[in-house]
Amino acid sequence: MPMKIVSWNVNSLNVRQSQVLDYLESHHPAVLGLQELKQTDEAVKREAFIQAGWHLVTQGQKTYNGVALISKSAPENVVRGIPNNEDDPQARAIAASYGDLRVLNLYVPNGKAVGDEKYHYKLGWLEKLQAYVARLLQEYPKLVVIGDFNIAPADIDVHDPKAWQDKILCSAPERQALQALFDLGLTDAFRARHPERQQFSWWDYRMGGLRRNLGLRIDLTLISPALQLIDADIDMAPREQERPSDHAPAWVEIQ
DNA sequence: ATGGCCCTAGATTAGGGA
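Residues numbered from 1 in each chain as written. Chains lettered and ligands numbered in written order. Predicted model: local features only at pLDDT ≥ 70, side-chain atom pairs only at ≥ 80, totals over all residues. Heavy atoms only, no water.

- An unreviewed UniProt entry lists chain A under the name Exodeoxyribonuclease III, with Suttonella indologenes as the source organism.

Given below as C-alpha coordinates:
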(Lines give C-alpha, C1' and ligand atoms only; values in the text may rest on other atoms or scores of the structure.)
Protein backbone atom coordinates (compact mmCIF):
# COMPACT_ATOMS: atom_id res chain seq x y z
CA MET A 1 0.00 0.00 0.00
CA PRO A 2 1.75 3.21 -1.15
CA MET A 3 2.17 5.96 1.41
CA LYS A 4 2.72 9.66 0.77
CA ILE A 5 5.09 11.44 3.16
CA VAL A 6 5.28 15.24 2.85
CA SER A 7 7.65 17.93 4.17
CA TRP A 8 6.53 21.57 4.30
CA ASN A 9 8.16 24.60 5.86
CA VAL A 10 5.08 26.73 6.58
CA ASN A 11 6.84 29.85 7.97
CA SER A 12 4.35 30.28 10.86
CA LEU A 13 1.67 27.68 11.51
CA ASN A 14 -0.51 30.45 12.93
CA VAL A 15 -0.65 32.19 9.56
CA ARG A 16 -0.71 29.02 7.42
CA GLN A 17 -3.00 26.76 9.49
CA SER A 18 -5.95 26.96 7.08
CA GLN A 19 -3.62 26.20 4.16
CA VAL A 20 -2.29 23.15 6.02
CA LEU A 21 -5.82 21.90 6.68
CA ASP A 22 -6.70 22.42 3.01
CA TYR A 23 -3.57 20.53 1.98
CA LEU A 24 -4.40 17.59 4.26
CA GLU A 25 -7.95 17.46 2.91
CA SER A 26 -6.91 17.47 -0.75
CA HIS A 27 -3.77 15.28 -0.56
CA HIS A 28 -4.49 13.03 2.46
CA PRO A 29 -0.83 12.14 3.12
CA ALA A 30 0.05 9.37 5.55
CA VAL A 31 2.42 11.80 7.28
CA LEU A 32 2.95 15.55 6.90
CA GLY A 33 6.02 17.04 8.58
CA LEU A 34 5.95 20.79 9.19
CA GLN A 35 8.80 23.16 9.97
CA GLU A 36 8.96 26.73 11.30
CA LEU A 37 5.80 26.58 13.37
CA LYS A 38 7.00 29.69 15.26
CA GLN A 39 4.67 28.64 18.09
CA THR A 40 5.00 27.01 21.49
CA ASP A 41 3.35 23.63 21.99
CA GLU A 42 0.72 25.40 24.12
CA ALA A 43 -0.06 27.94 21.39
CA VAL A 44 -0.68 25.38 18.64
CA LYS A 45 -4.41 25.28 17.85
CA ARG A 46 -4.92 21.52 17.74
CA GLU A 47 -8.69 21.27 17.73
CA ALA A 48 -9.15 21.82 14.00
CA PHE A 49 -6.68 19.04 13.17
CA ILE A 50 -8.23 16.63 15.63
CA GLN A 51 -11.74 17.40 14.38
CA ALA A 52 -10.61 16.67 10.82
CA GLY A 53 -9.36 13.27 11.98
CA TRP A 54 -5.62 13.92 12.18
CA HIS A 55 -3.05 13.21 14.88
CA LEU A 56 -0.61 16.03 15.65
CA VAL A 57 2.59 15.97 17.69
CA THR A 58 4.86 19.00 18.00
CA GLN A 59 8.15 20.28 19.27
CA GLY A 60 7.31 23.96 19.49
CA GLN A 61 9.25 27.07 20.45
CA LYS A 62 8.32 30.70 20.90
CA THR A 63 8.91 32.91 17.83
CA TYR A 64 11.43 30.67 16.05
CA ASN A 65 11.81 27.14 14.68
CA GLY A 66 9.32 24.46 15.76
CA VAL A 67 8.44 21.17 14.02
CA ALA A 68 5.38 18.94 13.85
CA LEU A 69 4.22 15.58 12.55
CA ILE A 70 0.61 15.22 11.36
CA SER A 71 -0.69 11.77 10.51
CA LYS A 72 -3.75 9.65 9.90
CA SER A 73 -2.62 6.81 12.16
CA ALA A 74 -1.52 7.43 15.73
CA PRO A 75 2.21 8.17 16.15
CA GLU A 76 4.16 5.85 18.42
CA ASN A 77 7.41 6.34 20.34
CA VAL A 78 7.60 10.10 19.69
CA VAL A 79 11.10 11.54 20.20
CA ARG A 80 11.66 15.29 20.25
CA GLY A 81 15.03 16.81 19.44
CA ILE A 82 18.25 14.93 18.74
CA PRO A 83 19.26 12.55 21.53
CA ASN A 84 22.65 13.42 23.03
CA ASN A 85 22.01 17.03 22.00
CA GLU A 86 19.46 17.70 24.70
CA ASP A 87 21.01 20.92 25.96
CA ASP A 88 20.09 22.54 22.63
CA PRO A 89 17.01 24.75 23.24
CA GLN A 90 16.19 25.06 19.53
CA ALA A 91 13.16 23.00 18.42
CA ARG A 92 14.34 21.41 15.20
CA ALA A 93 13.61 17.66 15.20
CA ILE A 94 10.74 15.30 15.90
CA ALA A 95 10.47 11.59 15.12
CA ALA A 96 7.69 9.04 15.36
CA SER A 97 6.76 5.53 14.21
CA TYR A 98 3.75 4.54 12.12
CA GLY A 99 3.71 0.79 12.13
CA ASP A 100 7.20 -0.30 11.06
CA LEU A 101 7.90 3.04 9.38
CA ARG A 102 10.01 5.59 11.26
CA VAL A 103 9.75 9.25 10.19
CA LEU A 104 12.26 11.90 11.28
CA ASN A 105 11.26 15.48 10.51
CA LEU A 106 13.96 18.19 10.60
CA TYR A 107 14.41 21.92 10.48
CA VAL A 108 18.16 22.14 9.85
CA PRO A 109 19.76 25.42 11.01
CA ASN A 110 20.13 28.09 8.34
CA GLY A 111 23.69 29.08 9.26
CA LYS A 112 23.34 32.75 8.22
CA ALA A 113 26.70 33.02 6.42
CA VAL A 114 29.79 30.86 5.91
CA GLY A 115 32.10 31.42 8.87
CA ASP A 116 29.40 32.93 11.08
CA GLU A 117 28.89 31.57 14.58
CA LYS A 118 25.56 30.20 13.34
CA TYR A 119 27.35 28.40 10.52
CA HIS A 120 29.51 26.52 13.01
CA TYR A 121 26.40 25.70 15.04
CA LYS A 122 24.84 24.31 11.84
CA LEU A 123 27.83 22.07 11.06
CA GLY A 124 27.97 20.81 14.65
CA TRP A 125 24.24 20.12 14.58
CA LEU A 126 24.63 18.17 11.33
CA GLU A 127 27.37 16.03 12.89
CA LYS A 128 25.08 15.09 15.77
CA LEU A 129 22.32 14.42 13.26
CA GLN A 130 24.51 12.00 11.32
CA ALA A 131 25.26 9.96 14.46
CA TYR A 132 21.55 9.96 15.32
CA VAL A 133 20.50 8.82 11.82
CA ALA A 134 23.13 6.05 11.90
CA ARG A 135 21.57 4.72 15.11
CA LEU A 136 18.04 5.08 13.74
CA LEU A 137 18.90 3.04 10.65
CA GLN A 138 20.05 0.15 12.83
CA GLU A 139 16.84 0.20 14.86
CA TYR A 140 14.44 1.08 12.04
CA PRO A 141 15.33 -0.28 8.58
CA LYS A 142 12.31 1.55 7.13
CA LEU A 143 13.34 5.15 7.75
CA VAL A 144 12.23 8.38 6.07
CA VAL A 145 14.09 11.59 6.92
CA ILE A 146 12.29 14.70 5.72
CA GLY A 147 12.58 18.39 6.27
CA ASP A 148 13.96 21.78 5.41
CA PHE A 149 17.63 20.83 5.17
CA ASN A 150 18.81 24.36 4.37
CA ILE A 151 21.34 22.76 2.00
CA ALA A 152 21.07 22.70 -1.79
CA PRO A 153 22.52 19.24 -2.60
CA ALA A 154 24.12 20.16 -5.95
CA ASP A 155 24.43 23.00 -8.44
CA ILE A 156 21.38 21.80 -10.38
CA ASP A 157 19.39 22.62 -7.25
CA VAL A 158 20.43 26.31 -7.42
CA HIS A 159 19.08 28.94 -9.85
CA ASP A 160 22.44 30.73 -10.09
CA PRO A 161 25.22 28.33 -9.03
CA LYS A 162 27.96 30.87 -9.72
CA ALA A 163 26.41 33.50 -7.50
CA TRP A 164 25.81 30.92 -4.75
CA GLN A 165 29.14 29.12 -5.04
CA ASP A 166 30.61 28.51 -1.56
CA LYS A 167 27.84 30.65 -0.06
CA ILE A 168 25.55 29.60 2.77
CA LEU A 169 23.32 26.62 1.83
CA CYS A 170 25.81 25.65 -0.91
CA SER A 171 29.22 25.48 0.77
CA ALA A 172 31.32 22.31 0.51
CA PRO A 173 31.19 21.51 4.25
CA GLU A 174 27.39 21.72 4.22
CA ARG A 175 27.14 19.50 1.14
CA GLN A 176 29.61 17.06 2.69
CA ALA A 177 27.40 16.84 5.77
CA LEU A 178 24.47 15.96 3.51
CA GLN A 179 26.63 13.47 1.61
CA ALA A 180 27.42 11.79 4.94
CA LEU A 181 23.70 11.03 5.26
CA PHE A 182 23.68 9.60 1.73
CA ASP A 183 26.73 7.51 2.65
CA LEU A 184 24.68 5.93 5.45
CA GLY A 185 22.38 4.60 2.73
CA LEU A 186 19.73 7.30 2.46
CA THR A 187 18.55 8.37 -1.00
CA ASP A 188 17.40 11.83 -2.09
CA ALA A 189 14.04 10.63 -3.45
CA PHE A 190 13.35 13.59 -5.76
CA ARG A 191 16.77 13.40 -7.42
CA ALA A 192 16.56 9.61 -7.75
CA ARG A 193 13.21 9.95 -9.47
CA HIS A 194 14.18 12.98 -11.62
CA PRO A 195 17.93 12.82 -12.29
CA GLU A 196 18.02 15.79 -14.68
CA ARG A 197 15.15 18.00 -13.59
CA GLN A 198 15.69 21.42 -12.05
CA GLN A 199 12.86 22.00 -9.58
CA PHE A 200 13.10 24.32 -6.62
CA SER A 201 11.27 24.14 -3.29
CA TRP A 202 12.00 27.65 -1.97
CA TRP A 203 11.77 31.06 -3.60
CA ASP A 204 12.60 34.38 -1.93
CA TYR A 205 9.59 36.57 -1.20
CA ARG A 206 11.59 39.51 -2.57
CA MET A 207 12.51 40.42 -6.13
CA GLY A 208 9.67 38.48 -7.69
CA GLY A 209 11.60 35.33 -6.83
CA LEU A 210 8.80 32.93 -7.68
CA ARG A 211 7.74 34.69 -10.90
CA ARG A 212 11.35 34.62 -12.12
CA ASN A 213 11.94 31.11 -10.73
CA LEU A 214 14.92 32.27 -8.67
CA GLY A 215 14.90 29.42 -6.19
CA LEU A 216 16.69 26.60 -4.44
CA ARG A 217 15.84 22.97 -3.72
CA ILE A 218 16.48 22.67 0.00
CA ASP A 219 13.40 20.74 1.15
CA LEU A 220 14.21 17.06 0.86
CA THR A 221 12.75 13.61 1.43
CA LEU A 222 15.36 10.92 2.10
CA ILE A 223 14.50 7.22 2.21
CA SER A 224 16.33 4.15 3.45
CA PRO A 225 17.20 1.12 1.25
CA ALA A 226 14.44 -1.04 2.79
CA LEU A 227 11.81 1.25 1.26
CA GLN A 228 10.65 1.14 -2.35
CA LEU A 229 10.48 4.52 -4.06
CA ILE A 230 7.29 5.00 -6.08
CA ASP A 231 7.44 8.72 -6.84
CA ALA A 232 8.64 12.05 -5.49
CA ASP A 233 7.97 15.66 -6.40
CA ILE A 234 7.36 19.19 -5.19
CA ASP A 235 3.85 20.68 -5.05
CA MET A 236 3.89 24.16 -6.60
CA ALA A 237 0.25 25.03 -5.91
CA PRO A 238 0.63 26.05 -2.22
CA ARG A 239 3.50 28.40 -3.13
CA GLU A 240 1.33 30.05 -5.78
CA GLN A 241 -1.69 30.80 -3.62
CA GLU A 242 -2.47 33.95 -1.62
CA ARG A 243 -0.22 34.74 1.36
CA PRO A 244 1.97 31.67 0.86
CA SER A 245 4.90 30.27 2.75
CA ASP A 246 8.14 30.88 0.89
CA HIS A 247 8.57 27.06 0.70
CA ALA A 248 6.59 24.51 -1.31
CA PRO A 249 5.78 21.01 0.01
CA ALA A 250 8.19 18.24 -1.02
CA TRP A 251 6.72 14.74 -1.04
CA VAL A 252 7.70 11.13 -1.52
CA GLU A 253 5.52 8.12 -2.20
CA ILE A 254 6.89 4.82 -0.93
CA GLN A 255 5.83 1.26 -0.25
C1' DA B 1 21.75 50.44 -5.92
C1' DT B 2 23.82 44.66 -1.61
C1' DG B 3 17.77 46.25 -0.82
C1' DG B 4 13.76 44.43 -2.20
C1' DC B 5 9.43 40.56 1.56
C1' DC B 6 7.33 38.23 5.38
C1' DC B 7 6.96 36.81 10.24
C1' DT B 8 7.29 37.66 15.35
C1' DA B 9 7.50 40.42 19.56
C1' DG B 10 5.80 44.17 21.12
C1' DA B 11 7.15 48.95 19.45
C1' DT B 12 6.55 53.09 17.29
C1' DT B 13 11.65 49.28 15.16
C1' DA B 14 14.70 45.09 15.22
C1' DG B 15 16.09 40.36 14.37
C1' DG B 16 15.73 36.30 11.62
C1' DG B 17 15.07 33.90 7.56
C1' DA B 18 17.66 31.74 2.84
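**Here's the deal with helix 3 (residues 117–139)**
Item 1. Look at helix 3: 34 Å from first C-alpha to last across 23 residues, which is about the 33 Å you get at 1.5 Å a residue.
Item 2. Among the residues of helix 3, those classed as buried are Tyr119, Lys122, Trp125, Leu126, Leu129, Tyr132, Val133, Leu136 and Leu137.
Item 3. Considering only its buried residues, helix 3 is in contact with strand 5 (76–80), strand 6 (93–98), strand 7 (101–107), strand 8 (143–148) and helix 5 (172–183). (Helix = DSSP H or I, 4+ residues; strand = E, 2+ residues; numbered from the N terminus. Expected span 1.5 Å × (residues − 1). Buried < 20%, exposed > 50% of the residue type's maximum accessible area, 1.4 Å probe, protein only. Contact = heavy atoms within 4.5 Å.)

**A short note on the sheet that holds strand 2 (residues 31–35)**
Item 1. Read across the sheet, 6 strands follow the order 3-4-2-1-14-13 without closing on themselves; strand pairing throughout is mixed. Of all the strands in the sheet, the pair left with one neighbour each is strand 3 (55–59) and strand 13 (229–234). Strand-to-strand, the axes of this sheet are offset by a mean angle of 15°, without reference to chain direction.
Item 2. Bridge analysis of strand 2 against strand 4 (residues 67–71) gives 5 bridges, and the strand direction is antiparallel. The partner of Gln35 across the bridge, within strand 4, is Val67.
Item 3. In this fold helix 1 (residues 13–27) packs onto strand 1 (3–9), strand 2, strand 4 and strand 14 (250–254), with an angle of close to 165° to the strand it touches most, strand 1. (Pairing = 2+ DSSP bridges. Axes fitted to C-alpha atoms, helices over the stretch in contact; angles between N-to-C directions.)

**Thoughts on the protein's contact with DNA strand B**
Item 1. Inspection of the region around DNA strand B gives 24 residues, with Ser12, Arg16, Asn110, Asn150 and Arg206 positioned closest.
Item 2. Put simply, 69% of the atoms of DNA strand B that lie within 4 Å of the protein are in sugar or phosphate.
Item 3. In this structure, a phosphate oxygen belonging to DNA strand B sits 3.0 Å away from a side-chain N or O atom of Tyr107.
Item 4. One nitrogen or oxygen atom from the side chain of Asn110 is found 3.0 Å from a base nitrogen belonging to DNA strand B.
Item 5. With 3 residues, the top contributor of residues to the surface near DNA strand B is helix 1.
Item 6. Across the surface near DNA strand B, the residue classes tally to 9 nonpolar, 8 polar and 7 charged. (Near = heavy atom within 4 Å. Polar contact = N/O pair within 3.5 Å; in protein donor to acceptor, adjacent residues only side chain to side chain. Nonpolar A, V, L, I, M, F, W, Y, C, P; charged D, E, K, R; others polar.)

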